[in-house]
Amino acid sequence: MNQEDYASKEAYEADPVSGDDPEATRRDAGEAESSRASRSWWDRNADEYQNDHGAFLGDDRFVWGPEGLDEAEAALLGPVASLRDKVILEIGAGAAQCSRWLAAQGARPVALDLSHRQLQHALRIGDDLPLIEADAGKLPFRAGSFDLACSAYGAVPFVADPVNVMREVHRVLRPGGRWVFSVTHPVRWAFPDEPGPAGLSVAASYFDRTPYVEQDERGRAVYVEHHRTIGDRVRDVVAGGFRLLDLVEPEWPEWNSQEWGGWSPLRGNLIPGTAIFVCERD
């Protein structure tokens, strides 16, 4: 990819979809359908996403979720000084804001994303970072290539087989390497995705694992997100060969007044919005 690629909106081709609003439903969605939907959705919506959230994410900031928890303060990957010279894989990197922050600390990050358009935004922002377009379930790296791996709301919530992703990350990490990833807090699935008072009443079963799917008039998925309970996520981590070191549930800070989808100060002060899993490879 190069800067000229980014300049043209015709440089990528998303799957054609109807101009009509997609239908929201809950139904099964397998690995291939989920991957295809995620790639096309992020290619179509990367511009809007970066326009809406780019100021909050920054160009070189490592934030774990809408609450605004910074890796500079949380040090979930380890003390900032320890990141120097570490080879770090960021999965679901988007415009590579987290990778850019890691590079500023002296690390050697590799930014991977399923979406070509998201990586074009990484090129637009700049800095000479390695950018890889690939599926998190099929990492194109040799075993033991990385010291650390991270993902801030990337890949994990959107895959039908999270254990496969865990095993792939385990494979490319060196012994003792950390794998830290954030997802929508599972308890949020029981509540409507609304930032206001309507989002404070339980509307569905927390134990319903049926994926959330948006589909076009032909029934083809254009967006898929998979629900796992907290216990499911822990078991996925263990099945992938990791030890769970910590489960972080960021509290909503007083300074953060923004709404982001269903995340808001109102809800953030009452129920958790993000879960961060800190794992270690034996």
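Everything here concerns the structure above.
I will try to describe carefully the structure that is included in this document. (Residues numbered from 1 in each chain as written. Predicted model: local features only at pLDDT ≥ 70, side-chain atom pairs only at ≥ 80, totals over all residues. Heavy atoms only, no water.)

Structural notes on the overall build of the protein
Then step 1. Assigned secondary structure in the protein consists of 8 helices and 10 strands.
Then step 2. Taking 2.2 N^0.38 as the reference for a compact globule, 282 residues should give roughly 19 Å; the C-alpha atoms of the protein span a radius of gyration of 18 Å, in line with that estimate.
Then step 3. Its C-alpha atoms put the protein at 45 × 40 × 40 Å along the principal axes.
Then step 4. Looking at the protein residue by residue over its 282 residues, the buried ones come to 54%.
Then step 5. Within the protein, contacts between residues separated by at least 24 positions form 73% of all contacts whose residues are at least 6 apart in sequence.
Then step 6. Side chains of the protein give 29 positive and 47 negative charges; the mean places of these two sets differ by 6 Å. (Helix = DSSP H or I, 4+ residues; strand = E, 2+ residues; numbered from the N terminus. Rg over C-alpha atoms; globule rule 2.2 N^0.38 Å. Buried < 20%, exposed > 50% of the residue type's maximum accessible area, 1.4 Å probe, protein only. Contact = heavy atoms within 4.5 Å. Lys, Arg positive; Asp, Glu negative; His and termini not counted. Charge placed at Lys NZ, Arg CZ, Asp CG, Glu CD.)

Overview of the sheet that holds strand 1 (residues 23–26)
Then step 1. Strand order in this open sheet of 3 strands is 1-7-8, and the pairing throughout is antiparallel. Either end of the sheet is taken by a strand with one partner, and the two such strands are strand 1 and strand 8 (221–225). Neighbour-to-neighbour, the strand axes of the sheet open up by a mean angle of 20°, direction not taken into account.
Then step 2. Here strand 7 (residues 212–215) pairs with strand 8 via 4 bridges, running antiparallel. Within strand 8, the position partnered with Val 213 by the bridge is Val 224.
Then step 3. The sheet strands contacting helix 2 (residues 31–57) are strand 7 and strand 8, and the helix crosses strand 8 at an angle near 105°. (Pairing = 2+ DSSP bridges. Axes fitted to C-alpha atoms, helices over the stretch in contact; angles between N-to-C directions.)

Some remarks on the state of the cysteines
Then step 1. The final tally for this structure, using the stated rule, is 0 disulfides.
Then step 2. Unpaired in terms of disulfides, Cys 98 finds its nearest cysteine sulfur in Cys 150, a separation of 6.4 Å. (Disulfide = S-S within 2.5 Å.)

Some points on the packing of aromatic side chains
Within a pair of aromatic rings, the relevant descriptors are the distance that separates the centres and the angle that separates the planes.
Then step 1. Inspection of the entire model under this criterion finds 15 aromatic pairs.
Then step 2. A centroid spacing of 4.9 Å and a plane angle of 85° characterise the contact between Phe 141 and Phe 146, whose relative ring orientation is edge-to-face. Here the two residues Phe 141 and Phe 146 agree in accessibility, since each one is buried.
Then step 3. Ring plane angle 80° and centroid distance 5.1 Å describe the contact between Tyr 206 and Phe 207, whose orientation is recorded as edge-to-face.
Then step 4. Here the aromatic residues Trp 41, Trp 42, Tyr 49, Phe 56, Phe 158, Tyr 212, Tyr 223 and Trp 260 are joined through ring pairs into a cluster of three or more.
Then step 5. When the ring centre of Phe 56 is taken as origin, the NZ or CZ atom of Arg 61, which lies over that ring, is 4.9 Å away.
Then step 6. Positioned over the ring face of Trp 263 is Arg 188, at 4.3 Å from the centre of the ring. (Phe/Tyr/Trp six-rings, centres within 6.5 Å; stacked < 30°, edge-to-face > 60°. Lys NZ or Arg CZ within 6 Å of the ring centre and 35° of its normal.)

Details of the sheet that holds strand 9 (residues 242–248)
Then step 1. Read from one edge to the other, the open sheet built from 7 strands follows the order 4-3-2-5-6-10-9, with strand pairing classed as mixed. Here the strands that pair on one side only, and so sit at the sheet edges, are strand 4 (131–133) and strand 9. When strand polarity is set aside, the average angle formed by the axes of neighbouring strands in this sheet is 20°.
Then step 2. Pairing of strand 2 (residues 87–91) with strand 3 (residues 108–113), which is carried by 5 bridges, proceeds in the parallel orientation. Its bridge partner lying in strand 3, Glu 90 is registered against Ala 111.
Then step 3. Helix 7 (residues 230–239) contacts strand 6 (173–184), strand 9 and strand 10 (274–281) of the sheet and is inclined by roughly 145° relative to strand 9.

Some words on the pairing of strand 5 (residues 146–152)
Then step 1. Of all 7 residues that make up strand 5, 7 are buried, and the element is covered over most of its length.
Then step 2. Pairing analysis gives 3 bridges linking strand 2 to strand 5, with the strands arranged parallel. By the bridge assignment for strand 5, Leu 89 is matched with Ala 149.
Then step 3. As judged from the 6 bridges shared by strand 5 and strand 6, these two strands associate in the parallel manner. Residue pairing across strands places Phe 146 opposite Leu 173, the latter belonging to strand 6.

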